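The residues making up each chain are set out below.
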Amino acid sequence: MVMVVEIVSKEFIKPTSPTPPHLRTHRFSFLDQFLPSIYVPMVLFYMDQERSIPVAASNSRRSQLLKESLSETLTLFYPLAGRIKDHLYIDCNDEGAYYVEARVNRPLRELLNLTDSPYVSQLLPAEPTWTATTAGGYIAMIQVTTFACGGIAIGAFLSHVIADGPAATKFISSWAALTRKCGEEAPCPNFDASLVFPPSVVYPREATLLALFSRFVKKGKWKSRRIIFDASAIAAMKAKTVSSSVPNPTRVEVVSSLLSKCIKATFKAKSDIQKSTLIAHIVNLRQRARPQIPNHSMGNFLCLAAALVTAKETELDNLVCHLRKEIRKIDADLITAL
């Protein structure tokens with residue numbers, strides 16, 4: 001399949017209302033400082049549900065609606081329309097989110113049916129990179145791509161300095177609620193992360209999570225692959241990994257453990273060496289804190305859980321136990337210490 005992504009327009013979407021003067025400077029939290037200022041990429045796919053309107057007319061109406069609702073959303077999520085000032089602040093200057101419109105000459109279903117697609121990166125507003133964003137960089141970049149069938153893909157880059165996974169999801173959900181205009185109230189975000197985890201002026205700028213892991217990341221050619229687990233396969237894995245230590249394994253635990261087991265086996269087959277393995281997971285701190293941090297809190301409320309598994313431990317239930325043990329160490333006491 002040959003898919004051509006044609007860029008139609010590029011512009012900046014500004015907030016509907018200007019940001020009040022007392023909110024013009026957004027301070028990073030201590031955890032924001034620790035997370036790298038790279039972009040969190042997301043691509044969301046939507047099949048066309050409107051059959052009674054010609055595709056061209058539907059696309060035009062949808063395009064205008066998405067821009068208008070994004071402008072309203074940026075009024076609530078005002079730092080996303082600003083620019084990075086330095087390693088401590090965002091200048092909430094209302095310059096707007098970078099917005100790209102594109103179109104594709106093929107139906108969306110053809111893309112979704114591909115197991116390994118080299119085209120997904122073309123649905124993002126910029127080239128994916130591990131390079132940190134510098135002063136003056138955008139906080140939010142978005143690309144809306146329309147397919148020949150009327151389906152769309154929304155690709156978003158949100159800077160990690162203001163949005164972890166749950167925060168990015170909150171932004172997208174609010175944009176969706178304002179787009180639907182069905183009386184559903186969009187949740188009002190909270191930008192008080194710097195009050196929960198006060199920033200440190202003396203914190204070394206190079207001591208980020210990305211810097212800690214850079215020695216494990218090799219430069220070269222990369223390939224992405226989609227691995228699909230259906231519900232019955234996951235249910236079977238959960239049943240196999242039940243133990244007295246973990247009587248109720250989660251989907252994330254069993255899938256992570258299975259992938260780790262396969263990676264260990266592959267490495268052993270290629271090198272004839274069985275090494276210990278580190279299974280790492282990012283844990284959301286919001287619900288684990290006491291008192292709980294609101295779900296609509298923007299910023300980074302994350303901690304890394306890492307389970308070290310020895311070379312001899314290859315059974316799924318053992319891997320699940322190790323992972324569960326390390327994740328549970330991230331509790332209210334640890335968050336209070338942070």
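Residues numbered from 1 in each chain as written. Predicted model: local features only at pLDDT ≥ 70, side-chain atom pairs only at ≥ 80, totals over all residues. Heavy atoms only, no water.

Named according to an unreviewed UniProt entry, the protein is Acyltransferase Pun1 originating from Gossypium hirsutum. Quoted verbatim from the Sequence similarities (unreviewed entry) field of the UniProt record, the comment on the protein reads "Belongs to the plant acyltransferase family." (UniProt positions renumbered as here; feature names shortened; annotations may be inferred.)

Participant: Which parts of the structure should I look at to understand the overall build of the protein?
Facilitator: Helix and strand content of the protein: ten helices and ten strands. Taken against the 2.2 N^0.38 rule, which gives 20 Å for 338 residues, the C-alpha radius of gyration of the protein at 22 Å falls within 12% of a compact globule. Structurally, the protein occupies a C-alpha span of about 60 × 50 × 40 Å along its principal axes. Burial status across the protein gives 43% buried among its 338 residues. (Helix = DSSP H or I, 4+ residues; strand = E, 2+ residues; numbered from the N terminus. Rg over C-alpha atoms; globule rule 2.2 N^0.38 Å. Buried < 20%, exposed > 50% of the residue type's maximum accessible area, 1.4 Å probe, protein only.)

Participant: What is the right way to read a nonpolar patch on the surface from this model?
Facilitator: Judged by side-chain polarity, Leu 212, Phe 213, Phe 216, Val 217, Trp 222, Ile 282 and Leu 304 come together as a nonpolar surface patch covering roughly 730 Å² of accessible area. By secondary structure assignment, the location of Trp 222 is in the loop between helix H6 (209–213) and helix H7 (231–240). (Patch = residues over 30% accessible without salt bridge, like charges linked within 9 Å, V, L, I, M, F, W, Y side chains within 5 Å. Areas by Shrake-Rupley, 256 points an atom, 1.4 Å probe, with all protein chains shown as cover. Salt bridge = Lys/Arg side-chain N within 4 Å of Asp/Glu carboxyl O.)

Participant: Explain the pairing of strand S7 (residues 140–146) here, please?
Facilitator: Working note: regular strand, side chains alternate between the two faces of the sheet. With seven of its seven residues buried, S7 lies for the most part within the structure. The alternating pattern of S7 places Ala 140, Ile 142, Val 144 and Thr 146 on one face and Met 141, Gln 143 and Thr 145 on the opposite face, and all of these are buried. Summarising the sheet, strand S6 (residues 97–104) and S7 pair through six bridges and their orientation is parallel. What sits directly across from Ala 102, in S7, is Thr 145. As defined by bridge partners, S7 adjoins strand S8 (residues 152–159) across seven bridges and the pair is classed as antiparallel. Pairing of Ile 142 across the sheet is with Ala 156, part of S8. In this structure, the hairpin formed by S7 and S8 is closed by a connection of five residues, where Gly 150 is found at a positive phi of approximately 100°. (Pairing = 2+ DSSP bridges.)

Participant: What is the right way to read the confidence of the model for the protein from this model?
Facilitator: A low pLDDT score tells you not to read the predicted coordinates there in detail. Considering every residue of the protein, the mean pLDDT works out to 89; 96% of them sit at 70 or more. Averaged over each element, pLDDT in the protein is lowest for H6 (75) and highest for S7 (97). (pLDDT = per-residue confidence, 0-100.)

Participant: Where do I start with the sheet that holds strand S5 (residues 89–91) in this structure?
Facilitator: The strands making up a sheet associate through hydrogen bonds between their backbones, and the pairing can be parallel or antiparallel. Taken in spatial order, the three strands line up as S2-S5-S4 in an open sheet, and their pairing is antiparallel. Sheet topology places strand S2 (25–27) and strand S4 (83–84) at the edges, where each strand pairs with a single neighbour. Pairing analysis gives two bridges linking S4 to S5, with the strands arranged antiparallel. Along S5, the bridge assignment pairs Arg 83 with Asp 91.

Participant: Looking at this structure, how should I read the pattern of salt bridges?
Facilitator: Close approach of charged atoms lets side chains of opposite charge pair. Going through the model one piece at a time under the given rule, you end up with twelve salt bridges. The salt bridge involving Arg 83 is made with Glu 95; its shortest N-O contact spans 3.3 Å. Of the two residues, Arg 83 is situated in strand S4 and Glu 95 in the loop between S5 and S6; the sequence distance between them amounts to twelve residues. For Glu 95, a relative accessible area of 37% corresponds to the partly exposed category. In this structure, Lys 329 engages Glu 326 in a salt bridge whose closest nitrogen and oxygen atoms are separated by 3.2 Å. Taken together, the shared-partner salt bridges connect Glu 11, Lys 67 and Glu 101 into one network.

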